[in-house]
Amino acid sequence: QVQLVESGGGLVQAGESLRLSCAASGRIFSVNDMGWYRQAPGKQRELVASITSGGGTNYADSVKGRFTISRDNPKNTVYLQMNSLKPGDTAVYYCNAKILTILTTRDYWGQGTQVTVSS
């Protein structure tokens, strides 16, 4: 009964900031890589940022210097701080985590949260 619950999306104007949160809960042995993906209408889902269990990060070129991914391992939570938001950032954002349970490791996905950036 592992689940990821996202929060923090909303409607903002260009140049403003949002922080997304995603918390994993359930019968978890450990959480490995975590990441944020986004999908805009008419576009493919793309990786925005990822973070390893040790804290190593990776970002899409389009968000480098503006977004920061971080995690709180004791809380099994990943964050995405989004600064200097642009209309092109408008999308549904999904968190993803590779989670080890008693028997297996597999991907879990959050429910998605809408981020809308107006001009």
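In what follows, the structure referred to is the one given above.
Mind laying out the packing of aromatic side chains, listing which residues take part and the relevant values?
The geometry of two aromatic rings is summed up by the distance between their centres and the angle between their planes. Taken as a whole and judged by the stated rule, the model has one aromatic pair. A cation sits over an aromatic face here: arginine 45 above tyrosine 94, 3.9 Å from the ring centre. Taking the ring centre of tryptophan 109 as reference, the NZ or CZ of arginine 45 above it sits at 5.0 Å.

Can you explain the pairing of strand β4 (residues 30-39)? Please cite residues and give values.
In this structure, β4 lies alongside strand β9 (residues 91-100), joined through eight bridges in antiparallel fashion. Among the inter-strand pairings, glutamine 39 is bridged to a residue of β9, identified as valine 92. Counting the residues between successive antiparallel strands, the hairpin from β4 to strand β5 (residues 46-51) contains six residues, one of them, glycine 42, with a positive phi of roughly 80°.

If you had to explain the pattern of salt bridges to someone new, which residues and values would you point to?
For the structure on display, the rule yields five salt bridges. Its salt-bridge partner being aspartate 107, residue lysine 98 comes within 3.1 Å of it at the nearest N-O pair. Looking at lysine 98, the relative accessible area reads 33%, which means it is partly exposed. One salt-bridge network, in which partners are shared between bridges, spans Arg38, Glu46, Arg66 and Asp89.

Let's hear about the sheet that holds strand β3 (residues 18-25): which residues, and what values?
The sheet built from four strands is open, its strands ordered β1-β3-β8-β7 with antiparallel pairing. Looking at which strands have only one partner, the edges of the open sheet turn out to be β1 (3-7) and β7 (67-72). Neighbour-to-neighbour, the strand axes of the sheet open up by a mean angle of 15°, direction not taken into account. One ladder, built from five bridges, connects β1 with β3; its direction is antiparallel. Bridging from a neighbouring strand, leucine 4 pairs with alanine 24 of β3.

Rules and cut-offs
Residues numbered from 1 in each chain as written. Predicted model: local features only at pLDDT ≥ 70, side-chain atom pairs only at ≥ 80, totals over all residues. Heavy atoms only, no water. Phe/Tyr/Trp six-rings, centres within 6.5 Å; stacked < 30°, edge-to-face > 60°. Lys NZ or Arg CZ within 6 Å of the ring centre and 35° of its normal. Pairing = 2+ DSSP bridges. Helix = DSSP H or I, 4+ residues; strand = E, 2+ residues; numbered from the N terminus. Salt bridge = Lys/Arg side-chain N within 4 Å of Asp/Glu carboxyl O. Buried < 20%, exposed > 50% of the residue type's maximum accessible area, 1.4 Å probe, protein only. Axes fitted to C-alpha atoms, helices over the stretch in contact; angles between N-to-C directions.

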